[in-house]
Amino acid sequence: MKISKNIPLRCSPLLLSVLISANVSASDPFSACPTEAFVIQKQSNTPKTYGVNLATGSYVVLSSDMGTGNGYNGVGFNYHDNYLYGWDYASGSLGRAGNDYQIVSLSVNKDSAAATAGNFYVGDVAISENVWYGYRKGKGLFKIPLDNPASYNMTLVPGSKDNATYNITDLAFHPTDGYMYSISNGSTGKLLRIDPTTAEATNLGTVITSTSGNFIFGAQFFDPDGNLYVSNNSNGNIYKVNVDSASPSAVLFAYGPSSSSNDGARCALAEVVVGDTVDFGDAPDTYGTLLASNGARHTISNNLYLGSSVDNESDGYASPLSDDASDNADDEDGISMPTGFELGESAILLVEATGGDGFLNAWFDWDQSGTFELEEQIILGERIDDGQNTIAIDVPSWAKPGPTWARFRLSTQRDITPTGGVGDGEVEDYPVTLTETGVTINYYPSSSTFTTLAYEDLYPDQGDFDMNDVVVQLRIIEYVKNNKVRRIGFEAQLAAMGAAYHNGFAVHLPGVSRNKIKESLISWSIDNIEQTDSPLETEQTNAVFIFAQDLSDYVTLEQGCEYLRTETGCETAFRTTWSFDIPFDSPVDESLVPAFPYDPFIFATPNTDHGLAAKNVVGANPGRQLEIHLKNQAPTDKFSTNYFGARDDASNPGASQYFQDENGMAWAIEIPVTWKHPKEKERLDNAYSEFVDFAADSTGNTNPTWYENADESLIFNN
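Here the structure is a predicted model, which is why all the values come from computation and not from measurement. (Residues numbered from 1 in each chain as written. Predicted model: local features only at pLDDT ≥ 70, side-chain atom pairs only at ≥ 80, totals over all residues. Heavy atoms only, no water.)

Draft legend 1. Here's a closer look at the overall build of the chain. Along its length, the chain carries six helices and 45 strands. Taken over C-alpha atoms, the radius of gyration comes to 35 Å for the chain, far larger than the 27 Å a tight globule of 718 residues would show. In terms of overall dimensions, the chain has C-alpha extents of about 110 × 60 × 50 Å along its principal axes. Looking at the chain as a whole, 55% of its 718 residues are labelled buried. Taken as a whole, the chain presents about 28,500 Å² of accessible surface, with 46% of it coming from carbon and sulfur. In the chain, the 41 positive side-chain charges and the 95 negative ones have mean positions that sit 9 Å from each other. (Helix = DSSP H or I, 4+ residues; strand = E, 2+ residues; numbered from the N terminus. Rg over C-alpha atoms; globule rule 2.2 N^0.38 Å. Buried < 20%, exposed > 50% of the residue type's maximum accessible area, 1.4 Å probe, protein only. Areas by Shrake-Rupley, 256 points an atom, 1.4 Å probe, with all protein chains shown as cover. Lys, Arg positive; Asp, Glu negative; His and termini not counted. Charge placed at Lys NZ, Arg CZ, Asp CG, Glu CD.)

Draft legend 2. Seen up close, the pairing of strand E10 (residues 131–136). When you tally the buried positions in E10, you get six out of six residues, the bulk of the element. Because side chains alternate across E10, one face comprises the buried residues Val131, Tyr133 and Tyr135, and the other comprises Trp132, Gly134 and Arg136, equally buried. As defined by bridge partners, strand E9 (residues 122–125) adjoins E10 across four bridges and the pair is classed as antiparallel. When the sheet's bridge partners are listed, Val122 is paired in E10 with Tyr135. Linking E9 back to E10 in an antiparallel pair, the connection comprises five residues. Relative to strand E11 (residues 140–145), E10 runs antiparallel, the two sharing six bridges. (Pairing = 2+ DSSP bridges.)

Draft legend 3. The packing of aromatic side chains, seen in detail. Tallying each qualifying case throughout the model produces 50 aromatic pairs. The interplanar angle of 5 degrees and the centroid separation of 4.7 Å between the aromatic rings of Tyr135 and Tyr166 together place this pair among those described as stacked. Here Tyr166 lies in the loop between helix H2 (160–163) and strand E13 (172–173) and Tyr135 lies in strand E10, a separation of 31 residues in the sequence. Tyr166 shares its class with Tyr135; the two are buried. Every member of this aromatic cluster is reached through a ring pair, and the members are Tyr444, Tyr455, Phe490, Phe505, Trp524, Phe545, Phe547, Tyr554, Trp578, Phe580, Phe596 and Tyr598. Over the face of the ring belonging to Phe450 we find Arg475, whose NZ or CZ atom lies 4.2 Å from the ring centre. Lying over the aromatic face of Phe603, Arg624 brings its terminal NZ or CZ to 4.6 Å of the ring centre. (Phe/Tyr/Trp six-rings, centres within 6.5 Å; stacked < 30°, edge-to-face > 60°. Lys NZ or Arg CZ within 6 Å of the ring centre and 35° of its normal.)

Draft legend 4. Looking closely at the sheet that holds strand E12 (residues 152–156). The mixed open sheet is built from five strands, whose spatial order is E8-E12-E11-E10-E9. Pairing within the sheet leaves two strands with one partner each, and these edge strands are strand E8 (108–110) and E9. Strand-to-strand twist of the sheet, defined as the mean angle between neighbouring strand axes without regard to direction, takes the value 20 degrees. (Axes fitted to C-alpha atoms, helices over the stretch in contact; angles between N-to-C directions.)

Draft legend 5. Just the state of the cysteines, in detail. According to the stated counting rule, one finds two disulfides in the structure shown. Between Cys33 and Cys267 runs a disulfide, and the two sulfur atoms are separated by 1.5 Å. Between Cys33 and Cys267, the S-S torsion sits near -95 degrees, and that sign places the bridge as left-handed. Here Cys267 lies in the loop between strand E21 (262–265) and strand E22 (278–280) and Cys33 lies in the segment before strand E1 (37–43), a separation of 234 residues in the sequence. Cys33 gets classed as partly exposed once you look at its relative accessible area, which sits at 25%. What pairs with Cys561 in a disulfide is Cys570, and their sulfur atoms sit 2.0 Å apart. The disulfide joining Cys561 to Cys570 has a torsion of about -105 degrees about its S-S bond and is therefore left-handed. Cysteines bonded in the chain are numbered consecutively along the chain; their disulfide partners then correspond to 1-2, 3-4. (Disulfide = S-S within 2.5 Å.)

Draft legend 6. Spatial organisation of the layout of surface pockets. Each pocket or cavity is described by its volume, and for the largest pocket that value is around 550 Å³. For the largest pocket, the lining is made up of 22 residues, of which Lys631, Ala668, Ile669, Glu670 and Phe694 are closest to its centre. Mapped onto the lining of the largest pocket, the elements with two or more residues apiece are strand E45 (668–671) and helix H6 (691–696). In terms of residue count, E45 provides more of the lining of the largest pocket than any other element does, four residues in total. Within the lining of the largest pocket, the residues separate by chemical class into 14 nonpolar, five polar and three charged. By volume, the second largest pocket amounts to about 330 Å³. Along the lines of polarity and charge, the residues of the lining of the second largest pocket split into six nonpolar, four polar and five charged. (1 Å grid on protein atoms, 1.4 Å probe; cavity = no way out; pocket = protein on both sides within 12 Å on 5 of 7 lines; lining within 4 Å. Points joined across faces, edges and corners; volume = space filled by probe spheres on them. Nonpolar A, V, L, I, M, F, W, Y, C, P; charged D, E, K, R; others polar.)

Draft legend 7. The arrangement of the pattern of salt bridges in detail. Inspection of every chain in the model, using the stated rule, returns 18 salt bridges. The residue Asp464 makes a salt bridge to Lys681 at a minimum N-O spacing of 3.6 Å. Remark: Lys681 occurs in the loop between E45 and helix H5 (684–687) and Asp464 occurs in the loop between strand E35 (451–455) and strand E36 (470–481); sequence separation between them is 217 residues. Taking the shortest distance from any N to any O, the salt bridge between Glu537 and Arg624 comes out at 2.9 Å. Taken as a pair, Glu537 in the loop between strand E40 (529–530) and strand E41 (542–548) and Arg624 in the loop between helix H4 (612–618) and strand E44 (627–629) lie far apart in primary sequence, 87 residues in all. The exposure classification of Glu537 matches that of Arg624, with both residues buried. A cluster of three or more residues bridged by salt bridges with shared partners is formed by Glu537, Glu539, Arg624, Glu627 and Lys638. (Salt bridge = Lys/Arg side-chain N within 4 Å of Asp/Glu carboxyl O.)

Draft legend 8. Highlighting empty space enclosed by the protein. Within the structure shown, the criterion is met by two cavities of 30 Å³ or more. Looking at the largest cavity, its volume works out to about 70 Å³. For the largest cavity, the lining is made up of 15 residues, of which Asp124, Ala172, Phe173, Phe221 and Arg266 are closest to its centre. Of all the elements in the fold, those that place two or more residues in the lining of the largest cavity are E9, E13, strand E17 (217–222) and E21. Partitioned by chemical class, the residues of the lining of the largest cavity number ten nonpolar, three polar and two charged. Approximately 40 Å³ is the volume found for the second largest cavity. Surrounding the second largest cavity, Leu494, Tyr554, Val555, Thr556, Leu564, Phe574, Arg575 and Thr576 form its lining. Residues of the lining of the second largest cavity, tallied by class, amount to five nonpolar, two polar and one charged.

Structure follows, in structure tokens:
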């Protein structure tokens, strides 16, 4: 229904009624409630009718000429008499079509509003009442009762003109609730529920968004389950949305015929049926295999398929219940994989096709998530010749080794998704195994030990220097092949927290750009519970991974204890643990990855007090402006350089000296063992007397094992 220009009435708009003569006895009604959708398009000013199988988008021409010129729009299927009714532009009146798809104009008496309304391209026939409704923006909602063929009267629905403000190009009656529904045009499609008694529309929310161009949904129709199907004029894509859902959203369901002038009608009480010649995939249903999951499906065509055979199913047979396994007739015979799939290497696919003029799309579940994602499409609309085709693909280094699935779809439709219906071709699903060889795993400090990071959080004051405000034990893992790091991992645990202030913990990768991280594939957990948010911090040049915004959230204190594992008698065994696996988008040369232990640091938890000294430097609670790094590690982009030289800090960025006082003492230290930290209020240089000379020697040659010689009475031993 659509973009045709309005045709002026052939009589005076001052007349209160207009009688248009017509022959109303020409065609017979449809014999039953048809299961296909009728799509009517105007081509060269001639209405043309298609029958569309909504399950696959396949279509046939039902009539190449509906017997009238200028257009036929606002069409609805009338369940009460099994005729199609819509607005006939040639006569400026309602037209009826039966099973011969020939439009017969009807004599309609119009009230004064209807007489000046012009032509209609939005309309449908109600389910609960035998009435055709037509809508025009700015004009109102009009109705024509159809139960008396001797006298059709068209009237304006009272009050509807004031409500006729929404921009739609079709609407459809719900099969049971009595309302009309429509998805509006534009870059954001809003689902509207329209009251036929007033034309008042309720916005049920945006259900679809376009990143390029506007939607024009010229054909819209229902099935008995409350699913609204809408066809986009520009490309024929058919979307499906359950309007009864608490949070309705549209999914691309099938690919149908496209046209700039597009209208649709359907018997809303008829089920959407698959048919007898449809091919489904057989991967696990998480990939979209069953019809209920909008599974990949193709109408079988005799001249386009993969391999030497294709079989039909009434629905998908999701692995491990594949029909290939159950009936010993394996039609997954179009793809050969002679090279295997090695991470970071190229692979060869041999594609055998029967028929020409087809396009191949393919997806590999590289991350084994159980879904085919946009970035996992490895073949995009590649033309395939009849016979054998050789295609080279690259296996990403960030993929996860092990068993997974691949999906191949051949069709004359060039751009398709891994799910939904297509009018020809075939889908083939394959289990594949990804391998990774020749990879060296480097652990720091070792595969069975941790390095210890200890922080004093009173910066920029030296404070009590007990170095137990935050104590974290960290292990780093690097996966390296051909001198390039493919991914990194962290394992950490909170060893102690003797701080009254709130601190977060993070690891910074100096020199490694944030965009080098494959953020969507980061996996991490806290106490073995998988986390869904991203730990990769935004607004940073380099990659920064946030373990916790506030470590206090992960502290459980024993009764009578003020701090975590810094006081005698407070020897709780529980320690929060973190685990990270972080792939790079492409391998990074080892020389560009920072030396171990990278740059772990603490920061002030946003919106919390961190002492007057810290506050005075920036004029407010510091939050991410205050960071504490290991000696001579530069801060991240979010640090306030106002702290350099403030209070006890003697940093000199020009000389690459950071986070140390005038004596070379730091606010953070690393000890490459599982270390016993000082008790609460016991200074580090008292508990470990050799530390002072070690810290004063920039070469690190003096007392390098200072951490092995402690005053046992001053350290926490459990």
